[in-house]
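# A look at the structure
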Amino acid sequence: MNGSITVDGRTYALHFTVNHICRMEETMGDKLPSLLSGSVYGLRSLLWCGLMGENISLEEAGRLMERYLQDGGSLASLSQILASAMEDAGFFRSPAMKQEA
């Protein structure tokens, strides 16, 4: 698990893998950098990608996102959760981690 998101009292594990990222890019027809733009489309795509291990469809990820927002979450907080999970998975390295490597 690289992180999690809680919606309606249920916690969903986020798993970002190379295969999940590739599947997302193939399905969406966009590369990861364009999906990181912070758009609703990109955030839904990234949430779906992180939830592939939960066997959740793209539409279900969109519904979870809607409930997350209705429960008081924001696009900014969702973006931060997803970015942190992707960083934990090794897709991004913080400046401190780059210096250690």
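The following paragraphs examine the structure supplied in this document. (Residues numbered from 1 in each chain as written. Predicted model: local features only at pLDDT ≥ 70, side-chain atom pairs only at ≥ 80, totals over all residues. Heavy atoms only, no water.)

### Some points on the pairing of strand E2 (residues 10-14)
Applied cut-off: The pairing criterion is simple: DSSP has to find at least two bridges between the two strands. We count a stretch as a helix when DSSP gives it H or I for four or more residues in a row; a strand needs E for two or more, and each element gets its number in order from the N terminus.
Sheet topology note: the strand E1 (residues 3-7)/E2 ladder contains five bridges and is antiparallel. From the neighbouring strand, Thr-6 faces E2, where its bridge partner is Thr-11. What sits between the antiparallel neighbours E1 and E2 is a turn of two residues, in which Asp-8 has the positive phi angle 55°.

### Quick notes on helix H3 (residues 40-50)
Residues that lie three or four places apart on an α-helix share one face, since the helix turns once every 3.6 residues. Basically, it comes down to this: Between buried and exposed lies partly exposed: a residue is buried under 20% and exposed over 50% of the maximum accessible area for its type, with that area taken using a 1.4 Å probe on protein chains only. Only heavy atoms enter the contact rule, under which two residues are in contact if any of them lie within 4.5 Å.
Of all the eleven residues making up H3, eight are buried; the element is thus mostly covered by neighbouring parts of the structure. Of all the positions in H3, only Gly-42, Leu-43, Ser-45, Leu-46, Leu-47, Trp-48, Cys-49 and Gly-50 are classed as buried. Residues of H3 that are buried make contact with E1, E2, helix H1 (18-28), helix H2 (32-35), helix H4 (58-70) and helix H5 (75-88).

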